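# Coordinate inspection notes
Letter by letter, the chains look like this.
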Amino acid sequence: MNYDGELLMDEYEKLLSDKTKLVVCNHISNGLGTINPIEFIIEKAHKAGAAVLIDGAQACPHLKPDVQALNVDFYVTSAHKMCGPTGVGMLYGKEEWLRKLPPYKGGGEMIATVTFEKTTYADLPHKFEAGTPNICGGIAFGTAIDYMNEVGFDNIASYERELLEYGTKKLLELEGIEIYGTKDLNKKASVISFNFKGIHPYDVGTIIDKLGIAVRTGHHCAQPIMDFYKIPGTIRASFAFYNTKEEIDLMIEALKKAQMMLG
């Protein structure tokens, strides 16, 4: 990764060999908002004979991936990132891989026959769905997806781009601000990871929380990225299609107050 938070594709290609079995990459960085070049990653991995799993948890709220066009082997996402409930998600896998893979858990409905001599498993997708599934979660997730499709992912992307541009401009007007990740907003989702120089992100987050502003602080489950920048973590503002520019203005005012108290 370079300082702009973009993956180094030359280095990635050097890592691939005939020993590579699986390449795993996130579609969008949850720490920085960078949109990774997964088309290139998938193509090069396949040429090396490797399968690819893409983590789309941060991507699916902002864009609509076409898994067939991507030619990806596995793609995963979480419902709670898409207006849905917690504790449920989605795994897409190519049929050829799902047929090869053994069940990871035993239970009701995932077997065809059981004898003392052998067990045969049910056909797809049942062999991976042992026991009683999260029925309520699945129904609610489907409703959430229907809702987002009704809003329209093109509309979501266009509006969130406005919020990203506006939020970035407003943050850069503050003194001592450092934004981490690419400056090319065409390569970024509506996530801004930033700090005030000389102030711990947790302190800022604690104060603006008391002022009614919800941001996340810390290393965002991406500690190697924070180590790369030599920082303890960042303040992360994540904008979705239900946010407004007025809310960004409120965040900016809260950040100014926090800076005055801590600076």
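For the structure itself, consult the block above.
In this report, the structure presented in the accompanying data block is examined.

Rules of the game
Here, residues in each chain are numbered from 1, in the same order as that chain's written sequence. Reporting in this predicted model follows two pLDDT cut-offs: at least 70 for local features of residues, and 80 or more for side-chain atom pairs to be given and counted; totals over whole chains, interfaces and linings ignore these cut-offs and use all residues. With hydrogens and water excluded, all non-hydrogen atoms of the structure serve as input to the side-chain values. In DSSP terms, a helix is any run of H or I states spanning at least four residues, a strand is any run of E spanning at least two, and both are numbered starting from the N terminus. In the analysis that follows, any N or O atom pair within 3.5 Å is treated as a polar contact, provided that within protein one partner can donate a hydrogen and the other can accept it, and provided that, for residues neighboring in sequence, both atoms belong to side chains. Any two residues whose heavy atoms approach within 4.5 Å are treated as being in contact. To obtain each axis, a line is fitted to C-alpha atoms, and for helices this fit is confined to the stretch in contact; angles are then taken between N-to-C directions over 0 to 180 degrees. Any angle between 65 and 115 degrees counts as roughly perpendicular, while under 35 counts as roughly parallel, over 145 as roughly antiparallel, and the rest as oblique. In a left-handed crossing the near helix is turned counterclockwise from the far helix by less than a right angle, and in a right-handed crossing that turn is clockwise. Two strands form a pair only when DSSP identifies at least two bridges running between them. A patch consists of residues whose relative accessible area exceeds 30% and which take part in no salt bridge; residues with like charges are grouped when within 9 Å of each other, and nonpolar side chains (Val, Leu, Ile, Met, Phe, Trp, Tyr) when within 5 Å. All accessibility values rest on the Shrake-Rupley procedure with a 1.4 Å probe; residue burial counts only the protein chains present in the view. Think of a salt bridge as a Lys or Arg side-chain nitrogen and an Asp or Glu carboxyl oxygen that are within 4 Å of each other. Whether a residue is buried, partly exposed or exposed follows from its accessible area with a 1.4 Å probe, protein chains only, as a fraction of its type maximum: under 20%, in between, or over 50%, in that order. The arc refers to the directions leading from the helix axis to the C-beta atoms.

### Digging into the side chain of Lys94
Along the chain, Lys94 turns up in the loop between strand E4 (89-93) and helix H4 (95-100). In terms of polar contacts, Lys94 uses its side chain to reach the side chain of Asn71, at 2.6 Å. Once you skip the residues sitting within four places of it in the chain, Lys94 turns out to touch His46, Asn71, Val72 and Asp73.

### Considering the packing of helix H7 (residues 201-210) against helix H9 (residues 245-262)
Relative to each other, H7 and H9 sit at 125°, their axes nearing to 9 Å. Between H7 and H9, the angle is such that the two are oblique. H9 is crossed by H7, and the crossing has right-handed handedness. Contact residues: Asp203, Val204, Ile207 and Ile208 in H7; Ala254, Leu255, Ala258, Met261 and Leu262 in H9.

### Some points on the pairing of strand E3 (residues 74-78)
Note on strand geometry: in a regular strand, side chains alternate between the two faces of the sheet. Where strand E2 (residues 51-55) and E3 come together, three bridges link them in parallel fashion. Paired with Ile54 across the two strands is Tyr75, which belongs to E3.

### Here's the deal with unusual backbone geometry
Along the chain, Leu124 connects to Pro125 via a cis peptide bond; the corresponding omega equals 0°. By the element assignment, Pro125 lies in the loop between strand E6 (119-121) and helix H5 (135-151). The phi dihedral of Asn71 falls on the positive side, at around 60°, and the residue is not glycine. Assignment of secondary structure puts Asn71 in the loop between helix H3 (67-70) and E3. Phi is positive for Lys230, close to 60°, though the residue is something other than glycine. The residue Lys230 is located in the loop between helix H8 (223-229) and strand E10 (234-238) in this model.

### Thoughts on the environment of Pro85
The topology assignment puts Pro85 in the loop between E3 and E4. With near-sequence residues (within four places) excluded, Pro85 lies in contact with Ala79, His80, Gly137, Ala140 and Phe141.

### Some points on the environment of Leu53
Position of Leu53 among the secondary structure elements: in strand E2. Separated by 31 residues in sequence, Leu53 and Leu22 have C-alpha atoms that sit 7.3 Å apart. Once you skip the residues sitting within four places of it in the chain, Leu53 turns out to touch Leu22, Val23, Val24, Cys25, Phe74 and Val76.

### Let's talk about a nonpolar patch on the surface
Residues Ile111, Val114 and Tyr121 make up a contiguous nonpolar surface patch of roughly 280 Å² in combined accessible area. Within the secondary structure, Val114 sits in strand E5 (residues 111-114).

### Quick look at the pattern of salt bridges
Taken as a whole and judged by the stated rule, the model has twelve salt bridges. For Arg99, the salt bridge identified is with Asp123, shortest N-O distance 2.9 Å. Of this pair, Arg99 sits in helix H4 while Asp123 sits in the loop between E6 and H5, placing them 24 residues apart in sequence. On the basis of relative accessible area, Asp123 is assigned to the partly exposed category, the value being 46%. Between Arg161 and Glu165 there is a salt bridge, and its shortest N-O distance comes to 2.9 Å. Residue Arg161 and its partner Glu165 are located together in helix H6 (residues 153-172), separated by four residues, close to a single helical turn. With relative accessibility at 38%, the residue Glu165 sits in the partly exposed group. Each of the salt bridges in this network shares a partner with another, and the network as a whole consists of Glu95, Arg99 and Asp123.

### A word on helix H2 (residues 38-47)
Along H2, the residues classified as buried are Ile38, Ile41, Ile42 and Ala45. For H2, the angular spread of buried residues about the axis comes to 95°, placing them on one side. Exposed side chains of H2 directed beyond 90 degrees from the buried face belong to Glu39 and Lys47. Tucked inside the fold, the buried residues of H2 contact helix H1 (9-15), strand E1 (22-26), E2 and H3. In the stretch just after H2, Gly49 is the one whose phi turns positive, near 85°.

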